[in-house]
Amino acid sequence: MMMTEPKAKQAKRGGAPVCYISRVESFSACHRLHSIHLSDEENKRIFGKCNNPNGHGHNYKVEVTLRGSVDPKTGMVINLVDLKQYMKKAIMDTMDHKHLDLDVPYFKHVVSTTENVAVFIWDQLQEMLPDNAQLHEVKVHETDKNVVVYRGE
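The following paragraphs examine the structure supplied in this document. (Residues numbered from 1 in each chain as written. Predicted model: local features only at pLDDT ≥ 70, side-chain atom pairs only at ≥ 80, totals over all residues. Heavy atoms only, no water.)

Once that is clear, we can look at helix α5 (residues 114-128). In this model, α5 (15 residues) spans 22 Å end to end at C-alpha, consistent with the 21 Å of a helix rising 1.5 Å per residue. When α5 is considered as a whole, its buried residues turn out to be T114, V117, A118, V119, F120, I121, W122, L125 and M128. At its buried positions, α5 is contacted by β1 (18-31), β2 (56-69), α3 (80-95), α4 (100-103), β4 (134-141) and β5 (147-150). (Helix = DSSP H or I, 4+ residues; strand = E, 2+ residues; numbered from the N terminus. Expected span 1.5 Å × (residues − 1). Buried < 20%, exposed > 50% of the residue type's maximum accessible area, 1.4 Å probe, protein only. Contact = heavy atoms within 4.5 Å.)

The next thing to look at is the environment of L125. Here L125 lies in helix α5. Counting along the chain gives 31 residues from L125 to T94, while the straight-line C-alpha distance between them is 12 Å. Setting aside chain neighbours within four positions, we find L125 in contact with V64, Y86, M87, A90 and L135.

Another aspect to go through is the side chain of N51. For N51, the position within the fold is in the loop between α2 (40-47) and β2. Of the polar contacts made by the side chain of N51, one reaches the backbone oxygen of L33; its length is 2.8 Å. Not counting residues within four places of it along the chain, the set of residues in contact with N51 comprises R32, L33, H34, N43 and K44. (Polar contact = N/O pair within 3.5 Å; in protein donor to acceptor, adjacent residues only side chain to side chain.)

As structure tokens, then:
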């Protein structure tokens, strides 16, 4: 016997249930915190050892969360295989084992802080995602202790 949700609950919710689905990827990259809008002395004072002229590296962890209605035919907000491919293109192919400031054009004139990395990832994914899956959050773990959350605001 097939169990179905009572019509009253479906109507109260307004149709298909809405879920949040997340996927995590990790990438390694180096960067130098240095603003072209500041003097060398100001950069050293503000960014300290992270302003090292040769850069420094991180093993970043990125969590991407989407929001959407559960498709009644597939039972999914988005196929995780598709989300994996979008993240590969937006994150892994673009930033993994790269020097962010030298290899990613976006960071030529934007300081490669974790905040700006999160915004960059959001913008890249936003262009790829289908209309039924809404980007909800990009969370970037620069270290175990430093985490940035961006929600498109």
